[in-house]
Amino acid sequence: MKSFLQEVVDEVLEMPHELNEFVFILPSKRAGTFLKNELLKKNRKTTFGPLIYSIEDFVQELSGLKLSTNTILLFEFYQVYKEITEEEATESFYTFSKWATAILQDFNEIDRYLIPPDKIFSYLSSIKELDHWYLQEHKTDLQKNYIKFWNTLKTYYEVFSKRLLDQQIGYQGLIYKEAVENLELYIQNNSSKKYIFIGFNALNTAESTIIQEFIDIANAEVFWDIDAFFLEDKDHDAGLFLRHYKNTWKYYQRNPFKNVSNHFTQEKDIEIIGVPKNIGQAKYISKLLKELHIKNPKLNSTAVVLGNESLLIPVVNSIPEEIKAVNITSGFPLNLSPIASYFNLLFEMIENENENGWYYKYVIDFLAHPVTRTLFTIEEIDYSSLLIKVINEENIVFLSIDFIKKHTSAVFDELFSYCFFSIKKIGIQEIIKKSLTLTLKLKEIYSTEKQSNNLFLEYLYRFYELFNQIDVLNKKYGSIQSIKELKGIYKEYVLHESVDFKGEPLEGLQLMGVLESRNLDFETVIISSVNEGVLPSGKSDGSFIPFDVKNAFGLPTYKEKDAIYAYHFYHLIQRAKNVYLLYNTEPDVLEGSEKSRFLLQLNLNKQPAHLVKEIIASPLVTAQNKGIQQVTKTPLVMSALRRIAERGFSPTSLTNYIRNPIDFYYQSILGLKNEIGVEETIAANTLGTVVHNTLEELYKPLEGLELKSEMVEEMESKIEELVRKQFRKVYKSGDISRGKNLIIFNVAIKYIEKFLIQEKKDLEKGAVIKILQIESDLRVEIKIPELEIPIYLRGKVDRVDQKDGMLRIIDYKTGKVNQNDVEIIDWEVLTADYKYSKAFQVLAYAHMLKDLTKGGMVEAGIISFKNTQNGFLKFAEKDKPGYYAKKQTQITEEVHEKFLKELKVLIIEIFNPDTPFIEKEIN
């Protein structure tokens, strides 16, 4: 395969000019590197080299202006905005920056396409005036301000442009506009050179004017890179722009249109591959590279082109180890680096400070960051993790610097001053200075032998540059007045910056984005994310200029952008022999839409020499891993089950198995518990614990005694004191003095008061109540001959008493329980449906107390504190559904036997090695 640049070089070297007389202008610097390489290979004599420019650099040369960064432009524009806008109407820099970026982009497009600013701004203003035309004579203030904004755009543009020109800087569009102004003079002063424009496609009006001027009056030529198939098809988007130039430029009325090739119709193996999700594509690219590496170990003339550049890191991490030579053209986005998220979390934390201190969620997020852990680790002790543990255990919602210092080492006091500081006490410039110092402190750590990390040092260098630039700009302009504004400009900066990878640009595998592939040709091409919304990118357009206005003034819309993507896509395929096109079969909002129209076009435009194959790659995760979880009972699992059986199954663990076996596996077998976290609002389980513990403290001294009204009255006097004591014990440092927590505190008191009132009512009616057991630990053996191992059932019963001769086994519930929750008709569902978990639990307690209750009348049930008016909700066996069913509420020997039968079935299932733990869908 002869590449486009090779064809150009062959023709250029035949021209009657010395090499140093040429000036080459290409779409990108990367294309210039490849052109230089071709010239080195083909040129046979010693000579000075030619000048090689990217179009952006060449236009700067023409204009005499220097391209400014987006950050500087934003600061400069804010100065203009403040000069023009009345002081009372002036927005903060943070609010301004939200819309100013889009305005700057519109200014850029207007200048790049040489649109007369008077006309377009006047047109826009008139349209907005019409949009807000009403029969009413007077407009509202909102309408007046809206229209005033559009009327002021022209003034913003003029003053801003003049301000930049005075400083000899500009945005890209302004530089293009000035270049056109200086064009004639530049050509006169550089008439001895031969100008070669190579491989352009979608030209803005300024570029089109510049190139036409050069080829009309200067010694210049243009080499286009287009296939006849696309150029001659009037409807094909890949040739849209070049057809227009061929048909409308005066130069081509008398001169040939150079470098129309016929490569697309030649032999090609094309595979269209559907792969689920982005990570799946990265893994599939790895598989393809392994196969290609076997055939061609050097992978020369092989490129991976990322339609979606967010795949860069997954693809880099998936490159097979045996592939040593890789050149990555795309830079690593700075906003994806760990240092970016570190500073983002730092700013989030200090921004969310109030009079009580820093909010725990932001502090924990900051402390949990890997960079923070590295910063606060000394002698293998991770103080970040220790501090997080204390915050969770002590239930601290707001933290002070004193609390943080108390629970860490004094060694970190200096570092703390750079991370934990009050924004009320220091200014923004001091915060920027602290950020600079912090980058230097991190540099010291990551430069040590133990923590040495060259990549992190590269990140830190860029962040030092970043904060340095913000520091200089804010000293000059003073626009950043708050931490919110600092965070906003910081995010804007890192969003547009990247860290370049080092590599050999001319050897081995090439990994790049779509735009970096301009002018380059490869025999083997792998393109990822060929989905609508990615390739092409679709209608995303952050602009203040409506579509119709853009159309009327010749500004590019999404239609032109789609044509640009079409050109790049087909250019990659044009000279390639082996093409792999991957698309995401399961896209979402962030990952594009259905498979790209380009893939459908390929099938429609399939040439006789094209071998097109479509496949759907198998998912790289199994359905089991993706959907329902399943865990096999290995010997280790069986051993763990035997240990649990010997210790004793609790009713809660067994109902947990009934609800979802996989939860039982995680919690009971693996011992994984839900992570303890800070409880801002008192949780339901905390309320339950407080009520249970308070009742235990009230009733425990009464075990073995007959309950009297005086005893209840004495208990009533202690309720608030004991509830407060239990909240301090369980809820730690949590605040119960206000808000929802104060309400929940009073709810706990109310629950216990209502319970004791009911006790008094029963006693006043003549009931005889004797307290037998309070919070007693129970453990009994369950004999199951089939298992041949000791099995125990254990638990803690809330209360056992005797009321009027009836022994009652009582379980307290702070949640709502109804009578039908403890009733059963069909015993087989007891261990199959979690709906009957409460009935299962009270029956389990009754069975564990069987020896105590022999020969007497026994009932078991629940007292629901949300349903105290219904009193003691007794377990009942019903003969049929419905209101008129007969109920058996006593726990008889027959009930024990029925329960024991179902319990044994459940435990045998748990111990069956052939029955895995299978996840249940929980509604």
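Residues numbered from 1 in each chain as written. Predicted model: local features only at pLDDT ≥ 70, side-chain atom pairs only at ≥ 80, totals over all residues. Heavy atoms only, no water.

## What to know about the nonpolar core
Line of reasoning, step 1. Membership of the largest hydrophobic core comes to 96 residues, with the highest contact counts inside it found for Phe77, Phe107, Phe343, Ile391, Phe420 and Phe463.
Line of reasoning, step 2. When residues in this core are grouped by element, the largest group, 9 residues, is from helix H22 (residues 454-477).
Line of reasoning, step 3. By size, the runner-up hydrophobic cluster in this structure holds 83 residues, among which are Phe22, Ala179, Val222 and Phe522. (Core = buried A, V, L, I, M, F, W, Y, C linked by side-chain atoms within 4.5 Å. Buried < 20%, exposed > 50% of the residue type's maximum accessible area, 1.4 Å probe, protein only. Helix = DSSP H or I, 4+ residues; strand = E, 2+ residues; numbered from the N terminus.)

## What about helix H23 (residues 483-495)?
Line of reasoning, step 1. With 13 residues, H23 ought to run about 18 Å at 1.5 Å a step, and its terminal C-alpha atoms sit 18 Å apart, in line with that.
Line of reasoning, step 2. Check the buried side of H23 and you find it contacts helix H4 (70-84), helix H5 (93-112), helix H15 (338-351), helix H21 (428-447) and H22. (Expected span 1.5 Å × (residues − 1). Contact = heavy atoms within 4.5 Å.)

## Looking at H4
Line of reasoning, step 1. Over its 15 residues, H4 extends 21 Å from the first C-alpha to the last, a length consistent with the 21 Å expected when each residue adds 1.5 Å.
Line of reasoning, step 2. The set of residues buried in H4 consists of Thr71, Leu73, Leu74, Phe75, Glu76, Phe77, Tyr78, Gln79, Val80 and Tyr81.

## Some details on the packing of helix H29 (residues 651-659) against helix H30 (residues 661-669)
Line of reasoning, step 1. It is at 5 Å that the axes of H29 and H30 come closest, and there the two elements cross at 140 degrees. By the angle between their axes, H29 is oblique relative to H30. Contact residues: Ser653, Asn656, Tyr657 and Arg659 in H29; Pro661, Asp663, Phe664, Gln667 and Ser668 in H30.
Line of reasoning, step 2. Here the contact of H29 with H30 is composed, by residue class, of 3 nonpolar, 4 polar and 2 charged. (Axes fitted to C-alpha atoms, helices over the stretch in contact; angles between N-to-C directions. Parallel < 35°, antiparallel > 145°, perpendicular 65-115°, else oblique. Nonpolar A, V, L, I, M, F, W, Y, C, P; charged D, E, K, R; others polar.)

## Notes on the pairing of strand S21 (residues 578-584)
Line of reasoning, step 1. When you tally the buried positions in S21, you get 6 out of 7 residues, the bulk of the element.
Line of reasoning, step 2. Relative to S21, strand S9 (residues 268-275) runs parallel, the two being bridged by 7 bridges. When the bridges of S21 are listed, Gly274 appears paired with Tyr583.
Line of reasoning, step 3. Taken together, the 4 bridges between strand S20 (residues 524-528) and S21 define a ladder with parallel strand orientation. The partner of Thr524 across the bridge, within S21, is Asn578. (Pairing = 2+ DSSP bridges.)

## Re the sheet that holds strand S25 (residues 791-803)
Within a sheet, adjacent strands bond to each other through the backbone by hydrogen bonds, running parallel or antiparallel.
Line of reasoning, step 1. Here we have 5 strands laid out as an open sheet, ordered S24-S25-S26-S28-S29, and mixed in their pairing. Lying at the two open borders of the sheet, with one neighbouring strand each, are strand S24 (769-782) and strand S29 (872-874). Strand-to-strand, the axes of this sheet are offset by a mean angle of 40 degrees, without reference to chain direction.
Line of reasoning, step 2. Strand direction decides the pairing type here: strand S26 (residues 806-813) and strand S28 (residues 858-864), joined by 7 bridges, are parallel. Across the sheet, residue Ile810 finds its bridge partner in S28, namely Gly861.
Line of reasoning, step 3. In the packing of helix H34 (residues 837-848) onto the sheet, the strands contacted are S24, S25, S26 and S28, and the crossing angle to S25 comes to about 90 degrees.

## So, the packing of helix H12 (residues 240-248) against helix H25 (residues 558-574)
Line of reasoning, step 1. Put simply, H12 and H25 touch, their axes get as near as 8 Å, and they point 100 degrees apart. Between H12 and H25, the crossing angle belongs to the class labelled roughly perpendicular. Between H12 and H25, the contacting residues are Leu240, Phe241 and Leu242 on the first element and Glu560, Ala563, Ile564 and Tyr567 on the second.
Line of reasoning, step 2. In terms of residue class, the contact of H12 with H25 is built from 6 nonpolar, no polar and 1 charged.

## Describing the packing of aromatic side chains
Line of reasoning, step 1. By the definition in use, this model includes 87 aromatic pairs.
Line of reasoning, step 2. Measuring from centroid to centroid gives 5.5 Å for Phe121 and Tyr157, while their planes differ by 50 degrees, and the two rings are tilted. Linking Phe121 in helix H6 (residues 117-131) with Tyr157 in helix H7 (residues 141-166), this pair joins segments that are 36 residues apart in sequence.
Line of reasoning, step 3. For Tyr157, a relative accessible area of 3% translates into the label buried.
Line of reasoning, step 4. Summarising the aromatic geometry, the rings of Phe569 and Phe598 are spaced 5.0 Å apart at their centres and angled 25 degrees between planes, so their arrangement reads as stacked. (Phe/Tyr/Trp six-rings, centres within 6.5 Å; stacked < 30°, edge-to-face > 60°.)

## Focus: unusual backbone geometry
Negative phi values dominate among residues other than glycine, just as trans dominates among peptide bonds.
Line of reasoning, step 1. The residue after Leu535, namely Pro536, is reached through a cis peptide bond having omega 0 degrees.
Line of reasoning, step 2. Among the secondary structure elements, Pro536 is positioned in the loop between S20 and helix H24 (547-553).
Line of reasoning, step 3. Not every positive phi belongs to a glycine, and Lys732 is a case in point at roughly 55 degrees.
Line of reasoning, step 4. For Lys732, the position within the fold is in the loop between helix H32 (709-730) and helix H33 (739-764).
Line of reasoning, step 5. The exposure class of Lys732 is partly exposed, given its relative accessible area of 40%.
Line of reasoning, step 6. The phi torsion at Glu788 lies on the positive side, around 55 degrees, for a residue other than glycine.
Line of reasoning, step 7. Inspection of the secondary structure assignment puts Glu788 in the loop between S24 and S25.

## Let's talk about the sheet that holds strand S14 (residues 357-359)
Line of reasoning, step 1. Across the sheet, which stays open at both edges, the 3 strands sit in the order S13-S14-S17 with antiparallel pairing between neighbours. Unpaired on one side and paired on the other, strand S13 (353-354) and strand S17 (398-399) mark the two borders of the sheet.
Line of reasoning, step 2. The pairing of S13 with S14 spans 2 bridges and is classified as antiparallel. In the strand pairing of S14, Asn354 is matched with Gly357.
Line of reasoning, step 3. Running over the sheet, helix H16 (residues 360-368) touches S14 and S17 and is turned about 75 degrees from S14.

## Things to note about the confidence of the model for the chain
Atom-level detail of predicted coordinates should not be read off regions where pLDDT is low.
Line of reasoning, step 1. When pLDDT is averaged across the chain, the result is 89; 96% of the residues are at 70 or more.
Line of reasoning, step 2. Note on residues 620-626: pLDDT is under 50 here. Beyond four places in sequence and across chains, it has 7 contacts. (pLDDT = per-residue confidence, 0-100.)

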